Amino acid sequence: MYHYGVIGLGTRIAHIVNLTQKQSLNNFKLAAVADLKPKEAFGHIWPESIQDAVNEAVFYTDAQEMLEKEHLDGVFIGTRCSTHARLARLVMDKGIPLFLEKPVCTNMEDWIMLRRGYEQSNGRTVVSFPLRVSGIVRRVKEIVDSGKLGRIEHVQALNYVPYGGTYFNNWYRNEEETGGLFLQKATHDFDYINYILGTSPVSVAAMGSKQIFKGNEPAGLKCVDCQKYLECPESPLVRKGEHDPNSNRMCCFATDTGNHDSASALVRYETGMHVGYTQNFFARKKAQKRGAIFSGYEGTLEFDFYKSEIRIFQHLMDVEETIRFEEGGGHFGGDESLVNEFINLISKGEPPTATLRDGLVSALMCLQARESEQRGTFCKIEFDAY
Ligand SMILES: NC(=O)c1ccc[n+]([C@@H]2O[C@H](COP(=O)([O-])OP(=O)(O)OC[C@H]3O[C@@H](n4cnc5c(N)ncnc54)[C@H](O)[C@@H]3O)[C@@H](O)[C@H]2O)c1
């Protein structure tokens, strides 16, 4: 029996713990939890199926104390973004296998601190990049690696987020906490693109806009307290017919609504090729799109997570192929794969697909994209310069 701990048992990690309990065939025990809130404060957010496991776990309010008192075979970190790097170092420095939520950090100072710990982390960290380990991305990588398209010389990637309101009406609207939407969203897309390409990014130029989710409503305004509650297109009542008088949903059109609502980045890679990436947070319903077009001299491949489909077009022959996936599960099947990787890392010492180095490279791309967005200049991506 392996004993694991959790730091920050919120919405995301409760889901991952649920998968761990199921996929480890009860060979993994949730031994301890460190969370600022006591157990009673948030039980309702946990799936029913993990309630017994949680009841048996020892609770701490301080992660360091948990790490000192418990003998843990692995630790999941699922706190909010700004705390990831500091907590990760606590776990890594004890040599315990780590499952780390993304983004791995939210600023350059923390990036450097993690980068310094990375050398001795010995490949014992899984970074929570479900897209990289989803079935569709693995298949795209196989096709690209087969050489069927020739070497990839251009990529165009899109992320039209149909649930984009989330980033303007709850805690994700606070850029101090998340580091902004390149770190929050693009970190996944940059990572799966790096994985498929198998080459390193060297510079980035980015631009962001805030055209929709901004306005003059007062800072701190909640939807339920707003005079426009009955007519505003972003009110949960108008959008979904849902009314919860205790809802903490914040106004998307207030002076303190953070985050760009669309942004693009151009990334140069070491081979000389480049990737264009765009994210959009006001697309809705069937406008949803997440995927990319990879082109080499011999062919082009395009795929979309939402359609669960890969299409391949040969440039030198009249050949077109379509591959369809039946993929359920969280993040297009990626969450289940991530959990398997962590179970295998702990129980068999198998190296994960999404490593701390990958998390650091992707975070550096996002930090430099944010820098470029703010300064209007190209920024270098130099993993070994720090
Ligand atoms: N990989 C993915 O696809 C994916 C999907 C969703 C969310 N996430 C990430 O998961 C993280 C958590 O998101 P969430 O929605 O679960 O948040 P949440 O607020 O529901 O959970 C965070 C938990 O951490 C606890 N906490 C905060 N600071 C702490 C500390 N110093 N020590 C111990 N506990 C602490 C909070 O009390 C809370 O229970 C975010 O960083 C988010 O980016 C990743």
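The rules we used
- Numbers given for residues are sequential positions, taken from 1 along each chain in its written order.
- Confidence filtering applies because this is a predicted model: local features only for residues at pLDDT of at least 70, side-chain atom pairs given and counted only at 80 or more, and all residues used for totals across whole chains, interfaces and linings.
- Heavy atoms from the whole structure form the basis of all side-chain values; hydrogens and water molecules are not counted.
- Secondary structure elements follow DSSP: runs of H or I no shorter than four residues count as helices, runs of E no shorter than two count as strands, and numbering proceeds from the N terminus.
- Using C-alpha atoms as the atom set, the radius of gyration is obtained and then compared with a globule rule of 2.2 Å times the number of residues to the power 0.38.
- Three exposure classes are used, based on accessible area relative to the maximum for each residue type with a 1.4 Å probe and protein chains only: buried under 20%, partly exposed in between, and exposed over 50%.
- We call two residues in contact whenever any of their non-hydrogen atoms come within 4.5 Å of each other.
- Here the positive residues are Lys and Arg and the negative ones are Asp and Glu; neither His nor the chain ends is included.
- Throughout, a charge is located at the NZ atom of Lys, the CZ atom of Arg, the CG atom of Asp or the CD atom of Glu.
- In short, DSSP must find at least two bridges between two strands for them to pair.
- Axis definition: a line fit to C-alpha positions, over the contact stretch in the case of helices; interaxial angles, taken between N-to-C directions, run 0 to 180 degrees.
- Put simply, a residue is near a molecule or strand once any heavy atom of it comes within 4 Å of that molecule or strand.
- Think of a polar contact as two N or O atoms within 3.5 Å of one another; within protein, one of them needs to be a possible hydrogen donor and the other a possible acceptor, and neighboring residues in sequence only count if both atoms come from side chains.
- Any residue outside Ala, Val, Leu, Ile, Met, Phe, Trp, Tyr, Cys, Pro, Asp, Glu, Lys and Arg is labelled polar, Gly included; the first ten of those are nonpolar and the last four are charged.
- In this description, a nonpolar core means a group of buried Ala, Val, Leu, Ile, Met, Phe, Trp, Tyr and Cys residues linked to one another through side-chain atoms lying within 4.5 Å.
- Bear in mind that the domain bounds are from an automatic or database domain assignment.
- Salt bridges are defined by distance alone: a side-chain nitrogen of Lys or Arg within 4 Å of a carboxyl oxygen of Asp or Glu.

Student: Just to check I follow, could you spell out the overall build of the protein chain for this structure?
Tutor: Tallying secondary structure elements over the protein chain gives twelve helices and 15 strands in all. In terms of overall size, the protein chain behaves like a compact globule, its C-alpha atoms giving a radius of gyration of 21 Å where 386 residues would be expected to give roughly 21 Å. Each principal axis of the C-alpha atoms in the protein chain carries an extent, and together these give about 60 × 60 × 40 Å. Across the 386 residues in the protein chain, those meeting the buried criterion constitute 54%. Of the contacts made within the protein chain by residues no fewer than 6 positions apart, 73% connect residues no fewer than 24 positions apart. The averaged location of the 50 negative side-chain charges in the protein chain is 2 Å from the averaged location of its 43 positive side-chain charges.

Student: How should I be thinking about the environment of Val6 in this particular structure?
Tutor: With respect to the helices and strands, the residue Val6 is situated in strand E1 (residues 2-7). Separated by 93 residues in sequence, Val6 and Phe99 place their C-alpha atoms 9.3 Å apart. Setting aside residues no more than four positions away along its own chain, Val6 makes contact with Ile13, Val17, Leu30, Ala32, Val33, Ala34, Met66 and Phe76.

Student: Explain the sheet that holds strand E10 (residues 274-280) to me, please; I cannot follow it from the model alone.
Tutor: Either a parallel or an antiparallel arrangement is found when strands of a sheet pair, and the pairing is made through backbone hydrogen bonds. With mixed pairing, nine strands are arranged side by side in an open sheet as E14-E13-E12-E11-E7-E10-E9-E8-E15. Looking along the sheet, the strands with just one partner apiece sit at the ends: strand E14 (320-324) and strand E15 (379-380). Pairing between strand E8 (residues 201-209) and E15: two bridges, direction antiparallel. Each bridged residue has a counterpart across the sheet, and for Val204 the counterpart in E15 is Cys379. On the sheet, helix H9 (residues 181-197) packs against strand E7 (154-160), E8, strand E9 (262-269), E10, strand E11 (289-295) and strand E12 (299-304) and is oriented at approximately 145° with respect to E10. Sitting on the sheet, helix H12 (residues 356-375) touches E8, E9 and E15, and the angle it makes with E8 is about 50°.

Student: Sorry if this is basic, but what is going on with the site of the ligand here?
Tutor: The ligand sits among 25 residues. The nearest are Arg12, Asp35, Arg80, His84 and Glu101. In the model, an oxygen atom of the ligand is placed 3.4 Å from a nitrogen or oxygen of the Thr79 main chain. At 3.4 Å from an oxygen atom of the ligand is found a main-chain nitrogen or oxygen belonging to Cys81. For the shell around the ligand, the elements supplying multiple residues, two or more each, are helix H1 (11-23), helix H4 (84-92) and H9. Here the residues of the shell around the ligand are counted per class, giving eight nonpolar, ten polar and seven charged.

Student: Would you mind going over the nonpolar core with me for this structure?
Tutor: In a soluble, globular protein the nonpolar side chains are often hidden away together inside. By size, the foremost hydrophobic cluster in this structure holds 76 residues, and its most contacted members are Tyr192 and Phe303. Looking at which domains feed residues into this core, each of domain 1 (2-130 + 336-354) and domain 2 (135-209 + 260-327 + 362-385) supplies at least three. In contact with Tyr192, not counting residues within four places along its chain, are Leu131, Arg132, Val137, Ala157, Gly291, Ala292, Phe303 and Phe305. Listed in part, the 26 residues of the second largest apolar core include Val6, Ala53, Ala57 and Ile346.

Student: Any chance you could explain the side chain of Ser134 here in plain terms?
Tutor: The residue Ser134 is located in the loop between strand E6 (125-127) and helix H6 (135-145) in this model. You can call Ser134 buried: its relative accessible area is 0%. Setting aside residues no more than four positions away along its own chain, Ser134 makes contact with Phe305, His331, Phe332 and Gly334.

Student: Would you take a moment to explain the domain arrangement of the protein chain for this structure?
Tutor: Interface size is commonly expressed as the accessible area that is lost once the parts come together. The domains assigned to the protein chain are domain 1 (2-130 + 336-354), domain 2 (135-209 + 260-327 + 362-385) and domain 3 (214-257). A C-alpha centroid distance of 31 Å is found between domain 2 and domain 3. The interface of domain 2 with domain 3 comprises four residues on the first partner and ten residues on the second. Taken together, the connections running from domain 2 to domain 3 amount to two salt bridges. Measuring nitrogen to oxygen at the nearest pair gives 3.6 Å for the salt bridge that ties Asp256 to Arg173. Between the two partners, domain 2 and domain 3, sit three residue pairs in polar contact (both at pLDDT 80 or more). Counted by class, the side of domain 2 that touches domain 3 contains one nonpolar, one polar and two charged residues.

Student: I keep staring at the pattern of salt bridges and nothing clicks. Help me out?
Tutor: Opposite charge on two side chains makes pairing possible when the charged atoms of those side chains draw close. Applying the stated criterion to the full structure yields 22 salt bridges. In this structure, Glu320 engages Arg311 in a salt bridge whose closest nitrogen and oxygen atoms are separated by 2.7 Å.

Student: I tried to follow the sheet that holds strand E2 (residues 28-34) on my own but got confused; where do I start?
Tutor: The strand order across the open sheet formed by six strands is E3-E2-E1-E4-E5-E6, and the pairing between neighbours is parallel. Two strands close off the open sheet at either side, each with one partner strand: strand E3 (58-60) and E6. Neighbour-to-neighbour, the strand axes of the sheet open up by a mean angle of 20°, direction not taken into account. Judged from the six bridges that link them, E1 and E2 form a sheet pairing that is parallel. Residue pairing across strands places Tyr2 opposite Phe28, the latter belonging to E2. Across the sheet, H1 lies against E1, E2, strand E4 (74-77) and strand E5 (98-100), angled at about 170° from E1, the strand it touches most.

Student: Would you take a moment to explain the environment of Lys102 for this structure?
Tutor: Looking at the element boundaries, Lys102 is found in the loop between E5 and helix H5 (108-118). Here Lys102 falls in the buried class, since its relative accessible area comes to 11%. Counting along the chain gives 85 residues from Lys102 to Thr187, while the straight-line C-alpha distance between them is 7.8 Å. The residues touching Lys102, leaving out its near neighbours within four places in the chain, are His84, Ser128, Phe129, Leu183, Gln184, Thr187 and His188. At 2.6 Å, the side chain of Lys102 forms a polar contact with the side chain of Gln184.

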